[in-house]
Amino acid sequence: PFNTLTVSDGVTTIEVGCKRSGGAETVIYTIALSTGSGTYAARLMSSGTDQLTYNLYTTAARNQVWGDGTAGTQLVGGSIVVPGPPGNPTITATHSVYGRIDAPQNVAPGTYITSSPIVVTVTY
């Protein structure tokens, strides 16, 4: 539960995977996150008419908003070294997404959801 007087932090992960059918290759990629409901300045979750603002960040310090590279937001990038034959295994990289609901927010108890999901776009 969210205490309206205290900041609430959370973390989840995004996993990027690559598999190669040809020879070995290094795959360089970037990950963008959409606004979901709201904007990059204030993503929104709603319960009836009440709204909570939150955001998603690139680091545990929660000082860089993860977005699409516009409006002061940051992309997260990486690279995966994918071996070729034999075996052609899928190689993965994991990236943490750091969330924060700021306080104080005077809202009623309830189940808060975003009306537009966060879309993850991987470009390589």
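It should be emphasised that the depicted structure is a prediction, and the values quoted were computed from it without experimental measurement.

Definitions and cut-offs
- Residues numbered from 1 in each chain as written.
- Predicted model: local features only at pLDDT ≥ 70, side-chain atom pairs only at ≥ 80, totals over all residues.
- Heavy atoms only, no water.
- Pairing = 2+ DSSP bridges.
- Helix = DSSP H or I, 4+ residues; strand = E, 2+ residues; numbered from the N terminus.
- Axes fitted to C-alpha atoms, helices over the stretch in contact; angles between N-to-C directions.
- Core = buried A, V, L, I, M, F, W, Y, C linked by side-chain atoms within 4.5 Å.
- Buried < 20%, exposed > 50% of the residue type's maximum accessible area, 1.4 Å probe, protein only.

Chemist: Requested: an account of the sheet that holds strand β7 (residues 120-123), with residues and values cited.
Modeler: Pairing is antiparallel across the open sheet formed by three strands, whose spatial order is β5-β2-β7. The strands lining the two open edges of the sheet, one partner per strand, are β5 (76-82) and β7. Taken over all neighbouring pairs, the strand axes of this sheet differ in orientation by 25 degrees on average, direction set aside. By the bridge criterion, seven bridges tie strand β2 (residues 25-33) to β5 in an arrangement that is antiparallel. Looking at β5, one finds that Val 27 is bridged to Ile 80.

Chemist: Break down the nonpolar core for me, with residues and values.
Modeler: Formed by 20 residues in total, the largest nonpolar core has its most connected members in Trp 66 and Ile 80. For this core, the elements supplying multiple residues, two or more each, are β1 (8-18), β2, β4 (50-57), β5 and β6 (91-101).

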